[in-house]
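This is what each chain is made of:
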Amino acid sequence: MENPPEAETTNKVVDREKWVYDSSVDHKGRVPLRASTGTWKAAIFVIVMEFSERLSFFGISTNLIIYLTQELYQDLGTAAKNVNYWKGVTTIMPLIGGFLADAYLGRFPTVVLSTIIYLAGLSLMTASRFAPRLKPCESNVCDKASNIHQVVFFVALYLISVGTGGHKPSLGSFGPDQFDEEHPKERVKKMSFFNWWSFAISGGLLLGVTLIVYVEDFLNWGLAFAILTSVMAVCLVIFLLGIPFYRYLRPKGSPLTPMARVLFAAVAKQNLVLPPTPALLYNPPINEEGSCSSSRRLCHSNSWRFLDKAAIICIEQNPSGDAEAQLIATTTENLLLHNKKRWRLATVTEVEETKLVLNMIPMWLVSLMFCVNDAQGTTFFVKQGNVMNRKLTHNFTVPAASMYSINAVVMIATIVFYDRTVAPFFRRLKGDDRGISILQRNGIGMAFSTLVMLTAALVERKRLDTLANGSVVSVFWLAPQFALLGVADAFTLVGLQEFFYDQAPDSMRSLGSALYHSVVGVANFVSSLLLIIVDRVTSKDGHGGWIGSDLNVSRLDNFYWLLVVMSGLNLCIYVVVTRRYQYKNVERSTTVVN
């Protein structure tokens, strides 16, 4: 392959149609050739890897409480506590893994390393079912699992948690890294990536809650673990086959350090007056070493104006006092000045990156309510199914957890319909690449989420009324709320993933992906806290409240109505917050073909 021309100056004309100048490199450390690297030819390997991870995760997490109670003989309270502990650790780990990937390891190495750790956990879990000394019981009848099995099983379980921590944020950002945002055609393809990424997640979920759960419940747990181990091992090999096609971004050190410098410099210069125009702030060209923390320059925005003071060149730094002299050029003197004053002088891009992170905080908060509603799908919706008529035929009973497959099927269908029909229609209608903005897409899903809880409240009221008349309604009455939940997830869960990746600074996109997972995880804790509050408020004189151990004497419909009200209020707040939100504004380069 011929050597690519170096793009060392902003005035030098390079063939951007042939080469990819987005700071990525190919597997040999060179500027990537556009025709042979990136886009879907690389992204498909990433999507396959994600499918295998989600299959394993849902195949284990969905039925974990059953394993703990039936195979380890734990009481329900202890088992539920252990499930919550594991989910909590699994939620936190992506923040650590995302930081390490962005700062030190790089995304591709982090994916490979975390997948190996994940495989070690799955292999150990499989061995605990087949190795004679590691089995739960020495005989077919026992009332307590062996200590060695419990130790090995939990070590395996938490190895999976560690593997997930590195896998999720790194793979979730490595995939979209294969598309050049500066190239018009690749930018449009990148907008479809998260749709097909979520398609793979839904496929893994569907097979996990049907095929894998069936094998676990009716055939053999060890066989199920062996299947998951084999699938991930094969997918890891497939993922490694994509090495020649990938585009790699090198780690650039801690992304938190530039933010700390911005905050320090802004506080140190709080008494200074901002210049009359942002053009007078320190903003060297992106190609100069040490100019900023990102690979792309960001345009100035009007939010968080006090942070702009970090980019002011004060009298001490510019003795002439001439305002025009404060315009930053590509001189050695200015670069040396910046290096010496790194904690007193930040670039506009570094300031804007800090603003991006601060802007994501309120978006993170208003997204919690959606995820709280979403958490009911794997808890109360399934518990409702357990007390409903689940007989499909005389000889076949529908597993309550398998009703969640309706969510996966509808989510897959909605994603395909959106990507192939809705998005192209609005692109033509509005004349822009995206069509529906990310925040508009999230808002549509939040509206559907409110409708989900409304439907759930009505169905639960119907179930209780029918029960009072001596009958039991069919479990398929739950189908509408699961289906609506699938539509909501197709809009908002996909949109949230894209939002936290797209709006995060370029230097911390793995950490941005981790923020998405933290929303989902924290929402589970919020849901648990809400349940505790509701139980204490509604329980009187020792009598059960809205949510008791027996759903047939509880008032779960009232809890759903509470979520409807909270969701409606949250949606109103979301509209206010999004109207003030300013999207990342990147200085676009012009594609020039020699």
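Quick notes on the rules
- Residues numbered from 1 in each chain as written.
- Predicted model: local features only at pLDDT ≥ 70, side-chain atom pairs only at ≥ 80, totals over all residues.
- Heavy atoms only, no water.
- UniProt positions renumbered as here; feature names shortened; annotations may be inferred.
- Helix = DSSP H or I, 4+ residues; strand = E, 2+ residues; numbered from the N terminus.
- Buried < 20%, exposed > 50% of the residue type's maximum accessible area, 1.4 Å probe, protein only.
- Contact = heavy atoms within 4.5 Å.
- Axes fitted to C-alpha atoms, helices over the stretch in contact; angles between N-to-C directions.
- Parallel < 35°, antiparallel > 145°, perpendicular 65-115°, else oblique.
- Left-handed = near helix turned anticlockwise from the far one by under 90°.
- Nonpolar A, V, L, I, M, F, W, Y, C, P; charged D, E, K, R; others polar.
- Expected span 1.5 Å × (residues − 1).
- Core = buried A, V, L, I, M, F, W, Y, C linked by side-chain atoms within 4.5 Å.

- Going by what an unreviewed UniProt entry lists, the chain is known as NPF family transporter and is assigned to Aristolochia fimbriata.
- The heading Subcellular location (unreviewed entry) in the UniProt record of the chain holds the text "Membrane".
- The Sequence similarities (unreviewed entry) field of the UniProt record for the chain holds the comment "Belongs to the major facilitator superfamily. Proton-dependent oligopeptide transporter (POT/PTR) (TC 2.A.17) family."

## Observations concerning the side chain of Ser128
And step 1. With respect to the helices and strands, Ser128 occurs in helix H4 (residues 107–130).
And step 2. Ser128 sits in the buried class, given a relative accessible area of 0%.
And step 3. Filtering out sequence-adjacent residues up to four positions away, Ser128 remains in contact with Leu134, Lys135, Pro136, His149 and Val152.

## Description of the packing of H4 against helix H5 (residues 147–174)
And step 1. At their nearest, the axes of H4 and H5 sit 7 Å apart, and the two run at 155° to each other. Judged on the interaxial angle alone, H5 and H4 are roughly antiparallel. The handedness of the crossing between H4 and H5 is left-handed.
And step 2. When grouped by side-chain class, the residues that make up the contact of H4 with H5 number 18 nonpolar, twelve polar and two charged.

## Focus on H5
And step 1. An ideal rise of 1.5 Å per residue puts 40 Å on 28 residues; H5 measures up with 40 Å between its terminal C-alpha atoms.
And step 2. For H5, the tally of buried residues reaches 21 of 28 residues, placing the bulk of the element in the interior.

## A look at the nonpolar core
And step 1. Counting 112 residues, the largest nonpolar core has Phe153, Phe239, Tyr246, Phe559 and Tyr560 as the members making the most contacts within it.
And step 2. Counting residues per element, this core draws most heavily on helix H14 (residues 479–502), which supplies eleven residues.
And step 3. Counting eleven residues, the second largest nonpolar core, distinct from the first, contains Ala310, Ala346, Val348 and Val351.

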